[in-house]
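A closer look at the structure
The chain contents come next:
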Amino acid sequence: MRGLLVGRMQPVHKGHLQVIRRILKEVEEVIIVVGSAQLSHTLKDPFTAGERVMMLTKALAENGIPPSRYYIIPVQDIECNSLWVAHIEMLTPPFEHVYSGNPLVQRLFIEKGYLVTEPPLFNRKVCSGTEVRRRILTGEKWEKLVPELVVEVINEIDGISRINHLAKKEVSES
Ligand code: NAD
């Protein structure tokens, strides 16, 4: 059986890793869709799809998850929610089970007849992309919220300086 997890992963954090581990206890392979692949360089979506793929690949290797157990597929958003599941199906290997905590994602897959499970949240107060980005912006410690190799990727791509620069841009435009 193959499972599917969709996430913006802005950035990949320990909650994502926890949910992937849990899914892999139930299915042989997981398809990880990096959503909103067209978005980057905004405060809400600072990282490109390629950077998010790199974060995931390294975090999964760091946690001993072999590449034979997952597919990472970036997918751009589309205008029509009612066609989105078909859009995902076109770009991914076949899957039977969808895992998501996002009510819109759950609804769209349920309407197409998929088995949908809401995985329990792991330390959601701090394990969220919003919290990681907030801490980066305010200069608070964020590194413990993400896998170690994600810290390295964010440093390699100069992510902290990018987010701070974007904050100045958004203030100047408001
Ligand atoms: P996200 O990165 O916030 O979360 C992804 C999943 O990770 C969650 O559903 C949850 O199951 C898990 N997760 C997150 N934090 C966790 C924690 N602390 N502990 C355990 N699990 C945790 O991403 P999201 O916002 O759900 O992403 C949905 C994507 O689907 C977006 O890119 C959105 O644009 C896309 N989408 C697109 C369309 C369209 O194009 N029409 C329609 C619906 C959704």
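Coordinates for the structure precede this section.
This report concerns the structure included in the present document. These numbers were taken from a predicted model, which means no experiment stands behind them.

Of all the six residues making up strand E2 (residues 29–34), six are buried; the element is thus mostly covered by neighbouring parts of the structure. Of the two faces of E2, the one carrying Glu-29, Ile-31 and Val-33 and the one carrying Val-30, Ile-32 and Val-34 are both buried. Where strand E1 (residues 2–7) meets E2, six bridges bridge the pair, whose relative direction is parallel. Directly across from Val-6, in E2, lies its bridge partner Val-33.

Attention shifts here to the nonpolar core. By size, the foremost hydrophobic cluster in this structure holds 32 residues, and its most contacted members are Ile-20, Ile-32, Leu-56 and Leu-60. The set of elements that each furnish at least two residues to this core consists of helix H1 (14–26), E2, helix H2 (49–62), strand E3 (70–74), helix H5 (129–138) and helix H6 (148–156). Tallying contributions element by element places H1 first for this core, with five residues. Look past the residues within four positions of Leu-60 in its chain and what remains in contact with it is Leu-17, Ile-20, Ile-32, Ile-65, Tyr-70 and Ile-72.

Moving on, we come to the packing of aromatic side chains. Inspection of the entire model under this criterion finds four aromatic pairs. Relative to Phe-109, the ring of Phe-95 has its centre 6.0 Å away and its plane inclined at 75°; by these criteria the two rings are edge-to-face. Taken as a pair, Phe-95 in the loop between helix H3 (84–91) and strand E4 (97–99) and Phe-109 in helix H4 (residues 103–111) lie far apart in primary sequence, 14 residues in all. One exposure class covers both Phe-95 and Phe-109, and it is buried. Measuring from centroid to centroid gives 5.5 Å for Phe-109 and Tyr-114, while their planes differ by 85°, and the two rings are edge-to-face. Each member of the aromatic cluster is reached from another via a ring pair, and the members are Trp-84, Phe-95, Phe-109 and Tyr-114.

Take the site of the ligand next. In the region of the ligand, 26 residues are neighbours, and Ser-36, Asn-81, Gly-101, Phe-122 and Arg-124 sit closest. Here an oxygen atom of the ligand sits 2.7 Å away from a polar atom, N or O, in the side chain of Ser-36. With the chains in place, 89% of the 860 Å² that the ligand exposes on its own is no longer accessible. For the shell around the ligand, the elements supplying multiple residues, two or more each, are E1, H1 and H4. Among the residues forming the shell around the ligand, the class breakdown is 13 nonpolar, 10 polar and three charged.

This next bit is on the pattern of salt bridges. Applying the stated criterion across every chain yields a total of seven salt bridges. Among the ionic pairs, Arg-2 bridges to Glu-29, the shortest N-O distance being 2.7 Å. With Arg-2 in strand E1 and Glu-29 in strand E2, the pair connects residues that are 27 residues apart, well separated along the chain. In this structure Glu-29 comes out as buried when scored by relative accessible area, which is 19%. Here Glu-131 makes a salt bridge to Arg-134, at a shortest N to O gap of 3.0 Å. Taken as a pair, Glu-131 and Arg-134 lie in helix H5 at a separation of three residues, close to a single helical turn. The class of Glu-131 is buried, set by a relative accessible area of 13%.

Mapped onto the secondary structure, Ile-163 falls in helix H7 (residues 159–173). Each C-alpha atom, one on Ile-163 and one on Arg-134, is 9.8 Å from the other, the two residues being 29 residues apart in sequence. Beyond its immediate sequence surroundings of up to four residues, Ile-163 is in contact with Leu-43, Pro-46, Phe-47, Ile-136 and Leu-137.

Parameters and conventions
- Residues numbered from 1 in each chain as written.
- Predicted model: local features only at pLDDT ≥ 70, side-chain atom pairs only at ≥ 80, totals over all residues.
- Heavy atoms only, no water.
- Buried < 20%, exposed > 50% of the residue type's maximum accessible area, 1.4 Å probe, protein only.
- Helix = DSSP H or I, 4+ residues; strand = E, 2+ residues; numbered from the N terminus.
- Pairing = 2+ DSSP bridges.
- Core = buried A, V, L, I, M, F, W, Y, C linked by side-chain atoms within 4.5 Å.
- Contact = heavy atoms within 4.5 Å.
- Phe/Tyr/Trp six-rings, centres within 6.5 Å; stacked < 30°, edge-to-face > 60°.
- Near = heavy atom within 4 Å.
- Polar contact = N/O pair within 3.5 Å; in protein donor to acceptor, adjacent residues only side chain to side chain.
- Areas by Shrake-Rupley, 256 points an atom, 1.4 Å probe, with all protein chains shown as cover.
- Nonpolar A, V, L, I, M, F, W, Y, C, P; charged D, E, K, R; others polar.
- Salt bridge = Lys/Arg side-chain N within 4 Å of Asp/Glu carboxyl O.

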